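Spelled out from the first residue to the last, the chains are:
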Amino acid sequence: MKILLAVDGSNYTQKMLAYLSSHQEMLSASREYTVITVQPLLPPRARAALGKEVVEQYYDEEGQKILEPVLATLQTHGVSAKSVSKVGPIAETIVKYAQEGQYDLIVMGTHGHSALGRLVMGSVSSQVLAGCTIPVLLIR
């Protein structure tokens, strides 16, 4: 089973990892895991002012800050995982990567907004659910 773990470095990522580590059927060395984080695009003016090298370095550093602790946590449970850092619209990028990689399951933490909060602010998890045919496990 191929499982995509979508992470953002928030407390909700930590809750997702805690859930997985407490459910042996979900966190097993016999499964294939990929951890993905997606950085939103910087505004065009900021990208132009900073230059391509600085912007790419920023995206790389931000991605690694999020991925390294997650990979270390998985390693303590005897699970090795691939990691991917992408840049773009977060939900769309997760969905596209999951579908192209033919993943069996996406696991992600959710902020647990109310219906009104989702309506006003939107939600990456709601957008992933709406745009994806792959099963999604949301941990709240």
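Just so we're clear, the structure is a prediction, and the values are computed from it rather than from any experiment.

**Notes on the overall build of the chain**
Looking only at helices and strands, the chain features 6 helices and 5 strands. In the chain, the order of α-helices and β-strands from amino to carboxyl end is β-α-β-α-α-β-α-β-α-α-β. Taking the principal axes of the C-alpha coordinates as reference, the chain spans close to 50 × 35 × 30 Å. A total of 140 residues make up the chain; the buried ones form 36% of that total. Across the chain, contacts joining residues at least 24 apart in sequence account for 75% of those joining residues at least 6 apart.

**Overview of the layout of surface pockets**
Approximately 330 Å³ is the volume found for the largest pocket. Asp8, Met108, Gly109, His111 and Val124 are the residues nearest the centre of the largest pocket, which is lined by 21 residues in total. Residue assignment for the lining of the largest pocket shows that the elements contributing at least two residues are α1 (11-22), β2 (32-39), α4 (90-100), β4 (105-109) and α6 (124-131). Ranked by residues supplied to the lining of the largest pocket, first place goes to β2 with 3 residues. For the lining of the largest pocket, the per-class residue count stands at 9 nonpolar, 11 polar and 1 charged.

**So, the nonpolar core**
If you look at the biggest cluster of nonpolar residues, it comprises 18 residues, and the most contacted ones within it are Leu5, Val7, Met16, Leu20, Val35, Leu74 and Val107. Of all the elements in the fold, those that place two or more residues in this core are β1 (2-6), α1, β2, α3 (52-76) and β4. Ignoring anything within four residues of it in the chain, the contact list for leucine 74 reads Leu5, Leu17, Leu27, Val35, Val79 and Ala81. The next biggest cluster of nonpolar side chains, apart from the first, holds 16 residues, and it includes Ile36, Ala91, Ile106 and Ile134.

**Concerning the pattern of salt bridges**
Counting across every chain of the model gives 3 salt bridges. A salt bridge links glutamate 32 to lysine 82; its shortest N-O distance comes to 3.2 Å. Remark: lysine 82 occurs in strand β3 (residues 81-87) and glutamate 32 occurs in strand β2; sequence separation between them is 50 residues. A relative accessible area of 33% means that glutamate 32 is categorised as partly exposed.

**Considerations on the sheet that holds β4**
In space, the 5 strands of this open sheet follow the order β3-β2-β1-β4-β5, with parallel pairing throughout. Here the strands that pair on one side only, and so sit at the sheet edges, are β3 and β5 (136-139). Across the sheet, the axes of successive neighbouring strands diverge by a mean angle of 20°, strand direction being ignored. Bridge count between β1 and β4: 4 bridges; the pairing is parallel. Its bridge partner being in β4, alanine 6 is matched across the sheet by methionine 108.

**Quick look at the environment of glutamine 102**
Checked against the element boundaries, glutamine 102 lands in the loop between α4 and β4. Since its relative accessible area comes to 63%, glutamine 102 is described here as exposed. Along the primary structure glutamine 102 and lysine 2 are separated by 100 residues, whereas in three dimensions their C-alpha atoms are 7.8 Å apart.

About the thresholds
Residues numbered from 1 in each chain as written. Predicted model: local features only at pLDDT ≥ 70, side-chain atom pairs only at ≥ 80, totals over all residues. Heavy atoms only, no water. Helix = DSSP H or I, 4+ residues; strand = E, 2+ residues; numbered from the N terminus. Buried < 20%, exposed > 50% of the residue type's maximum accessible area, 1.4 Å probe, protein only. Contact = heavy atoms within 4.5 Å. 1 Å grid on protein atoms, 1.4 Å probe; cavity = no way out; pocket = protein on both sides within 12 Å on 5 of 7 lines; lining within 4 Å. Points joined across faces, edges and corners; volume = space filled by probe spheres on them. Nonpolar A, V, L, I, M, F, W, Y, C, P; charged D, E, K, R; others polar. Core = buried A, V, L, I, M, F, W, Y, C linked by side-chain atoms within 4.5 Å. Salt bridge = Lys/Arg side-chain N within 4 Å of Asp/Glu carboxyl O. Pairing = 2+ DSSP bridges. Axes fitted to C-alpha atoms, helices over the stretch in contact; angles between N-to-C directions.

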